Amino acid sequence: MKNGPLFLFGLLVSAVIAWSAIVLGAHGQLGGLTPWFDDGEGKSHPARPTGLAARGQLVYADLGCAACHTQQVRRPGFGSDQERGWGDRQSVARDYIFQERPQIGSSRIGPDLANFGARKPQPPSAETLLALLHSGSDRHPAFPFLFETRKIEGESSARALKLSGKAAPSVGYEVVPSERAVTLVAYLLNLNSPYVYPEAKPLVRAVAKEEGKK
Amino acid sequence: MITSTIQPPPSDGDMVGLHARGPLLTAFGLAIGWLVASGVFSLIAAIQLHSAAFLADCEYLTHGRVRALAETSFVYGWAGGAGISAVVLILSRLGGNPLRAANWFGAGSVFWNLGIAAGLVGIATGDMTSFSLLQLPRYVQPLMVFASAAMGIAGLLAWSGRRRDGTFASHWYGVAGLVLLPWALTAAQVSLLWFPMRGVLQAVAAAWYTEAVIFLWLTPLSLACACYLAAKLVGRALPSYEAAPLAFWMLIVVGTWSAGRHLVGGPVPAWIPTMAVFSFSMLLYHFAVVGLNLRPVFGLSGSVGSALKFGVGSYLLYGAVAFLACFRGIALRTQFTHFASATEQLFLYGSVSMILFAALYFLVPQLLGRGWSSPALMSGHLAGATIGVVLSVVALGWAGISQGAVMLEPKTGFGEIASGVRPYLLVNTGAQLVLLASNLLLAVNFLRSLCSCCQGSGVSTALSEGSAS
């Protein structure tokens, strides 16, 4: 290691090889993923997020929601993700191809949101979500800065939240969601990836074994 | 038993040079400032974990943003700032020449710290990138590359212009830490921020960068300090030294191949997490040799020696825990829980920070030409830091394990899980408070030492005496 230039060269080559193998290797495998066209349905999956939802993802990212929520469902038998009703199949790379900043997350202080727009028996309504964002709950922080409390002039706004109890504004005032709150909720309710791609089907061991016998 | 002292040790070769004292001391001071700031953010984040409403209605301090603020100010501000400065100083001392390109170091350090300050404001106002360990907004990222490169140049010159022909482990690790950060940061920025890759590939590239920060930047920086301090405090060559080069190359070559351990079970190609198990088992050789090389530090006593001992021990423990958590069966129980924070805390605080504390207590007296103003504050700080790290790692680790076990039960709701781990999270808040308080002691001690040094007229005299002896 007395040879300085050789030492530096070795350092950089090692780092470049590792980066290329992991990052470029994965890119080579997944970089060309295309939407899956279903002949029966006559349309392709995943659908592009709506404009509102795409903007909502930026709000989700800048508030740091991913610090507590993941957006990845693991395969059956690996964790209780599907038993918890977070999705009917595991998440696959194709689910994320149209997302500008995928927020797969690494911490579950709260539930997974990968299929939040398809919760059973029925997904939460926009009003419930806005109320949660405005007032919070025991476990969820409130984000009142996403809302505007303003004096009612004339008729009250159709977008005003119907709040009761402590959270309700004083008489003559109304709470109106800001554009950011609206896009965030649109994003959350748009989170849904129901289509079962071939690669998302769980590998059934029995079938695999039988095929091995043939 | 060897007792370490806070008196300046006998100098090897010339002093670093008067001209380099200002930039180095400033860099150390700012790093300590970021350490205190990150302590405040970590405390807020810890409180929010058990009391969700705390300060969350302040737009700048949502839990996600506070976490990013704490992580960024700790990793880049404290560990990066202090680590790079300590390594530059060590390389200069090992080289035996006054520090060259000190103005490059100074300018780089100023821009590094300005970049972090601007970045923190950006994160608080919603410009974070949402990639772990790369949260600084995109507009300050290029600045960080140039600033770290400018600081590193001084270290590289000290290394290439050394008087002795041979090199030591501190040389290899130090140079690697200085050179690889600008490269890794550039690669991450290009693939994530300037020309973002598609979909989950971003998660893969981000995981690679996380691993690069751990194994190509912070580990080399802290091991450079640890090897230097071990040789100085123990006073003889490190044992099993012939294995050290291979252990070094093992870290550099296979270190980042284990990036997939952050993505177990995720929507990424399955070979990526599998590769992590394979490469981390090769890394065990690196950890074993580091343990062998640095085993004399476990015989040290005294504050600096204990901090070093704790840091090296934490590093080895981190290797073992992180290796186990690579396996799918274990990751299933630890993934997405507080266990991951505990492991990160063990590495960042237990290992990197404690080694840097030891380095700071050893190196700053050489720059000041006199010892720290208060040995009591010093031992108070190190005792507090030790207690804080142990408490928070154990509390978060325990919380993570119990959280992981109940998460596997689909019937247990999140409210129940949260009440189950609440006691541990309260302990963690206490630990963060202890850490913050003890780091304030370090800041006070540093400022007092600086002031007493400036007031005493004998600074230059002390230094010239030092170089004469």
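Position labels on residues start from 1 in each chain and follow its written sequence. Chain letters start at A and ligand numbers start at 1, both assigned in the order the entries are written. The predicted nature of this model means local features are confined to residues of pLDDT at least 70 and side-chain atom pairs, given and counted, to a pLDDT of 80 or more, with totals for whole chains, interfaces and linings taken over all residues. Values reported for side chains reflect all heavy atoms of the structure, with hydrogen atoms and water molecules removed beforehand.

1. Describing the interface of chain B and chain A
Reports often express the size of an interface as the amount of accessible area lost when the parts come together. For clarity, the cut-off: Whether two residues are in contact is decided by their heavy atoms: any pair within 4.5 Å suffices. Two parts placed together each lose some accessible area under a 1.4 Å probe, and the buried area is that loss summed for both. In what follows, salt bridge is the name for a side-chain nitrogen of Lys or Arg lying within 4 Å of a carboxyl oxygen of Asp or Glu. A 3.5 Å cut-off defines polar contacts: any pair of N or O atoms within that distance qualifies, except that in protein one atom must be a possible hydrogen donor and the other a possible acceptor, and neighbouring residues in sequence count only when both atoms are side-chain atoms. Comment: elements are numbered from the N terminus, with helices defined as DSSP H or I runs of at least four residues and strands as E runs of at least two. Lys, Arg, Asp and Glu make up the charged group, whereas Ala, Val, Leu, Ile, Met, Phe, Trp, Tyr, Cys and Pro make up the nonpolar group; the residues left over, Gly among them, are polar.
Each partner contributes to the interface: chain B provides 73 residues, whereas chain A provides 68 residues. Between chain B and chain A, the buried area comes to about 5900 Å², and carbon and sulfur atoms account for 69% of it. It is R198, F336 and F414 of chain B in chain B that bury the most area against chain A; as a group they hold 13% of the surface buried on that side. Taken together, chain B and chain A are joined by 2 salt bridges. E59 of chain B serves as the salt-bridge partner of R180 of chain A, at 2.7 Å between the closest nitrogen and oxygen. In this structure, the connection of chain B to chain A is made through 16 residue pairs in polar contact (both at pLDDT 80 or more). Top element by residues in the side of chain B that touches chain A is helix α5 (residues 169–194) of chain B. It accounts for 8 residues. Taken together, the residues of the side of chain B that touches chain A break down into 44 nonpolar, 20 polar and 9 charged.

2. Some words on the packing of aromatic side chains
As a reminder of what qualifies: Aromatic contacts are taken between Phe, Tyr and Trp rings whose centres are within 6.5 Å, Trp giving its six-membered ring; a plane angle under 30 degrees counts as stacked, one over 60 as edge-to-face, and the others as tilted. Any residue under 20% of the maximum accessible area for its type is buried, any over 50% is exposed, and the rest in between are partly exposed; the area is computed with a 1.4 Å probe on protein chains only.
A full pass over the atoms with the stated rule returns 28 aromatic pairs over all chains. Measuring from ring centre to ring centre gives 5.8 Å for F7 of chain A and F248 of chain B, while their planes differ by 20 degrees; the resulting arrangement is stacked. You can see F7 of chain A sitting in helix α1 (residues 4–30) and its partner F248 of chain B sitting in helix α7 (residues 244–254), one on each of two chains. Among the residues examined, F248 of chain B registers a relative accessible area of 0% and is labelled buried.

3. Some words on a nonpolar patch on the surface
All names here are of chain A. Basically, it comes down to this: Patch definition: residues with relative accessible area over 30% and no salt bridge; like charges joined within 9 Å; nonpolar side chains (Val, Leu, Ile, Met, Phe, Trp, Tyr) joined within 5 Å. For the area figures, the Shrake-Rupley method with a 1.4 Å probe applies, and any residue is considered shielded solely by the protein chains shown.
A surface patch of nonpolar side chains, about 390 Å² in accessible area, is lined by L6, F9, V13 and I17. With respect to the element layout, L6 can be found in helix α1. By relative accessible area, which is 54% here, L6 ends up exposed.

4. Structural notes on the pattern of salt bridges
As enumerated under the stated definition, the model contains 13 salt bridges over all chains in all. Across the pair D81 of chain A and R108 of chain A runs a salt bridge whose closest N-O atoms are separated by 3.1 Å. Placement of the pair is D81 of chain A in the loop between α2 (51–63) and α3 (126–135) and R108 of chain A in the loop between α2 and α3, with a sequence separation of 27 residues. A relative accessible area of 2% places D81 of chain A in the buried class. According to the relative accessible area criterion, R108 of chain A is buried, its value standing at 1%. Within this structure, D62 and R180 of chain A together with E59 and R65 of chain B form a network of salt bridges that share partners.

5. Here we look at unusual backbone geometry
Most peptide bonds take the trans configuration, and most residues that are not glycine carry a negative phi. Of note, the bond from H45 of chain A into P46 of chain A is cis; its omega dihedral lies within 30 degrees of zero at -5 degrees. Cis geometry is found at the peptide bond from K120 of chain A to P121 of chain A, where omega equals 0 degrees.

6. A look at the environment of P245 of chain B
When you line up the elements, P245 of chain B lands in helix α7. Through-space distance from the C-alpha of P245 of chain B to that of F168 of chain B is 9.3 Å; in sequence the pair is 77 residues apart. Sequence-distant contacts of P245 of chain B, that is, excluding residues within four places in its chain, are made with M1 of chain A together with W172 of chain B.

7. Looking at the side chain of S170 of chain B
Residues and elements named next belong to chain B. Mapped onto the elements, S170 comes out in helix α5. Since its relative accessible area comes to 5%, S170 is described here as buried. Ignoring sequence-local partners within four residues, the contact set of S170 consists of I90, L91, L94, A224, C227 and Y228.

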